[in-house]
Amino acid sequence: MEPAPEFSVTRRPSGEAVVVAPVGEIDLATVDELAQALDAAREEAGSVVLDLREVTFMDSAGLRLVLEASLAGGAFAVVRGPREVQRIFDLVGLDERRLTMLDQPPDG
Amino acid sequence: MRRRTEGAWATLVGIALVFALSYLDAAWDEQNIAATIVIAPFLTAMFTGARQTAAVAVFAIVAGVLSGGYNDNYGSDDYFVRLVVVIAGAAFAVLAARSRRALADDRHRFELLRGAAQIADAAVEIPGVVDRVGALLVPAFADICVIDVLRGSAVERLGVVAHGPDAAAVEARLRERGPWTLEAIRSGRQLLVAHVDEEHLRRNARSEEDLEFLRSLRERSHINVPLRSRGRNVGTLALLATSHPYRESDLELAILLAGRIGLALDNAGLFAELESLQGRLTTALDTLAEAVTIQHENGSLVYANEAAAASLGYATPAELLATPPREIVAAFESFHEDGSPLRVEELPARRVLAGLEPEPLLVRAVHRTTGEERWRIVKATAVPVREGEPRLAVTVIEDVTEVKRAELAERFLAQVGALLASDLDYEQTLAKVADLAVPRLADWCAVTLPAGDRLRPVAVAHSDPEKVAFARDYQERYPSDIDAPTGSAQVLRDGVSQLVNRIDDALLESVVADPEQRDLVRTIGLHAAMVVPMVAAGRVIGVITLAAAESARTFSQSDLELAEELGRRAGTAVENARLYAERSHIAATLQRGLLPDELPAIEGLRLASLYRPAGEENLVGGDFYDAFPTPTGWMLLVGDVTGRGAEAAALTGQARHTLRTAGMLLGDPDAAFEQLNRALVQRTELTPCTVALVHVAPDLRTAAVRCAGHPQPLLVRDGRPHAVGHFGPMLGAWPDSSWSAEAVALRSGDVLVLYSDGVTDTVGEHERFGEPRLLAALEGVADAEAAVAAVDAALNAFQRGPQADDTAVLALNLP
């Protein structure tokens, strides 16, 4: 698969947390870049917020990454993405009981 | 022009004789001697020309007629007989005089032509030619002779010859007037002016003073003819006569003379220029980078330049020329490009000397003593020679060793590359590589890989199969020890290639301890050898040995570099082949774990499946499907394990088997899910797994559809697909999960399609395949086969680039 050229990840501090905001498609080709950003964020702050609002697609590899983060302990939350991204959470049963979901990042 | 006065004297004497004889006849009464008058014209004819003889003859006839008076016999028979004798004798004398003069003229012309031909043959310098031409023609044929010639693109007045007391002044003046124009010379105009008149002089005069000069020459007659040589007009010859006129026959003679004079001048000029040309050519040849030799038809070399001497292994050209030709040729073993031996008669110079026109020949020459190999292009041409001269062949030898080696190396490596890429069984591949290296790189090629404490020969090549068999026997009898201090084992250990260009007894003794083995090695007649490592990922995985025996060649540094490159490429190919073999073994094993050998036959249900594994490089493992009977009906499922690496892939197989075992034993899909969920959650590594499971009741009337984090199956009823099934949590994520089923009442004609997210995630040109396209593809499908085919076709049409993820589809229908 050709790498999604438009994919990018930004990190910004937001109070106690670091907000990681990927833009584009999260799949096998881009998931490593996002994983590195999340690892870096965890080292910078106690709590990490993954902002999915600019994510256009997420496959099972991306889902596994979110799942891993949610199971790893520590403060982790996601900002809800578009409907098609949100649907994959519903599909696998990753609901509010198992993952903190926000409508907005803490600073937004 | 002495002839004229001689003629006048002879005429006078003849006439006097006529008078004398007539007087005698008249005075002598008793005898009539009138007929003796005829003696006079005969005598005249002996010394002079026809015209003078005719004059005397006329007098004789007149005297004969008058003799009737003093002999008193007019009208008598005697008178007429005597008169007829006189007339006939006179006529005959005139004819005799004429033919005698013609003979003399011809001799004169012949002498002139012979003289001209001698000048032409003498090959003297140009001034010498002019002097000799002047001496020949003046005054014998002309009173003044002028030669103008073309030199390059200029006309030069080469010679002016006159005779007489003021000859020197006339010559100087004519020289001063300058030559004819270029156009006049090129036109090759020939001109005869029998009578030079005032008008002619005026036409040619350049000034009043010049006219005065021309008049002073008292020219009576004039001839102008082109000097010709080898078909070209090279000059003009002007002839002036003051004492007598030229006739048409003189013009013809002048043309013939001019032809010979032209030739003489050309020869003289040509020889002079050739001398300097030869000097220049020799200098040029001496310094030419290409080797040049000139061979005599008797086989000996008559010329060789520096490059030829160096190329053939001699210090100087003189040394080369002093060597017998047989010896020069015998120093090399020569081959055609295809490796067949070259015979001496095939050499281009030999062919030229045999009268043929050979094509340039590409020769591989191996020096018998040094073993050095050279590639040469040999061209030969004949030197044009005159009849009777020996044939000569010029040979130009261009050394193309570097070019040829580079070309061969490139071609060889290209072939090796193609071979290594084509065949993935590396032992077979290495055998082919060894074959390719023989005989172009060496006489022998062997490939050895380490195997335990031994070196295992995997390939041996020689152009002679018997020798290959011998080598195999030898290798079997004397296997190489991997700890041996020298040779292949050493190269295998330290990865440094070895090159030996002199394999002698001392070396053999130091390497091969066993005398019997040594004798065996000796029979091969090894001459030189290279041992290079086969390297893959910085590791030495084997060695390639290249050896020269019967070809007696040695190996150069560039040969070694080529062999090392061969080692690198072969090493990489072997490593790739090993990896590929390993990987395809893993893939085959896993594949067996992921998928049922074949879908079961279920009475009243029709099943079809589609499995499109992701590209080799993403061996993530992932999708699986299965269909099996349970105590409570049939279970059909499609699942997907998300993880990375071979371990995750292996888990995929485990997931399928866990579901199958639990399902078959317990007959309860929820229990099967729980079983797998527990197993996966217990693992330290997160291994999420999603499954869609359809449990069909034994009567095939109802189906319970469950999803563990998996896309819902699609039910195509009356040709319209829609999603069915209850969502539940994925497996392997949380220990406290539970699932529920949606019950679907099945009708005849229903098609149920289970699929993995590889279908909807397939990447197209602009976007993902997505659920809407899947629904559209399944629109109107009538059975399981059609559903699977429709999905496959839609994906094929949509997909761009390699497939990123596994894709699994399982469809069932009620007929």
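The shown structure was predicted, so the numbers you read here are calculated from the model rather than taken from an experiment.

Regarding the pattern of salt bridges
Residues and elements named next belong to chain B.
- With the rule as written, the count across this model stands at 49 salt bridges over all chains.
- Across the pair glutamate 198 and arginine 215 runs a salt bridge whose closest N-O atoms are separated by 2.3 Å. Of this pair, glutamate 198 sits in helix α8 (residues 198-204) while arginine 215 sits in helix α9 (residues 208-216), and the two are 17 residues apart along the sequence.
- Given the relative accessible area of 34%, glutamate 198 is considered partly exposed.
- Between aspartate 505 and arginine 522 there is a salt bridge, with the nearest N and O atoms lying 3.0 Å from each other. A residue pair is termed long-range when its members are at least 10 positions apart, and aspartate 505 in helix α19 (residues 505-511) and arginine 522 in helix α20 (residues 515-524) qualify at 17 residues.
- By sharing partners, the salt bridges in this structure join Glu198, Arg202, Glu212 and Arg215 into a single network.

Quick look at the nonpolar core
All names here are of chain B.
- Counting residues in hydrophobic clusters, the biggest one holds 39 residues, and the most contacted among them are Phe412, Leu430, Val447, Met534, Ile544 and Leu546.
- Residue assignment for this core shows that the elements contributing at least two residues are α15 (401-422), α16 (426-437), β12 (444-451), β13 (454-461), β16 (528-536), β17 (539-548) and α21 (557-594).
- The biggest single contributor to this core is α21, with eight residues.
- Among the nonpolar cores identified, the runner-up in size contains 36 residues, and Ala116, Val161, Ile261 and Ala264 belong to it.

Section: the packing of helix α2 (residues 39-47) of chain B against helix α3 (residues 50-70) of chain B
Residue and element names in this part refer to chain B.
- Their axes nearest at 8 Å, the elements α2 and α3 cross at an angle of 175°. In terms of their interaxial angle, α2 and α3 are classed as roughly antiparallel. Contacts between α2 and α3 involve Ala40, Pro41, Thr44 and Ala45 from the first element and Gln52, Thr53, Val56, Ala57 and Ala60 from the second.
- For the contact of α2 with α3, a count of residues per class yields six nonpolar, three polar and no charged.

Thoughts on the packing of aromatic side chains
Residue and element names in this part refer to chain B.
- All told, the structure shown has nine aromatic pairs over all chains when counted by the stated rule.
- For the ring pair phenylalanine 42 and phenylalanine 92, a centre distance of 6.0 Å and an interplane angle of 50° mean the geometry is tilted. With phenylalanine 42 in helix α2 and phenylalanine 92 in helix α4 (residues 77-122), the pair connects residues that are 50 residues apart, well separated along the chain.
- For phenylalanine 92, a relative accessible area of 52% translates into the label exposed.
- Taking 5.6 Å as the distance between ring centres and 50° as the angle between the ring planes, the aromatic pair formed by phenylalanine 141 and tyrosine 246 counts as tilted. With phenylalanine 141 in the loop between α5 (126-137) and β1 (144-151) and tyrosine 246 in the loop between β5 (232-241) and α10 (248-287), this pair connects stretches of sequence that are 105 residues apart.

How each quantity is defined
- Residues numbered from 1 in each chain as written.
- Chains lettered and ligands numbered in written order.
- Predicted model: local features only at pLDDT ≥ 70, side-chain atom pairs only at ≥ 80, totals over all residues.
- Heavy atoms only, no water.
- Salt bridge = Lys/Arg side-chain N within 4 Å of Asp/Glu carboxyl O.
- Helix = DSSP H or I, 4+ residues; strand = E, 2+ residues; numbered from the N terminus.
- Buried < 20%, exposed > 50% of the residue type's maximum accessible area, 1.4 Å probe, protein only.
- Core = buried A, V, L, I, M, F, W, Y, C linked by side-chain atoms within 4.5 Å.
- Axes fitted to C-alpha atoms, helices over the stretch in contact; angles between N-to-C directions.
- Parallel < 35°, antiparallel > 145°, perpendicular 65-115°, else oblique.
- Contact = heavy atoms within 4.5 Å.
- Nonpolar A, V, L, I, M, F, W, Y, C, P; charged D, E, K, R; others polar.
- Phe/Tyr/Trp six-rings, centres within 6.5 Å; stacked < 30°, edge-to-face > 60°.

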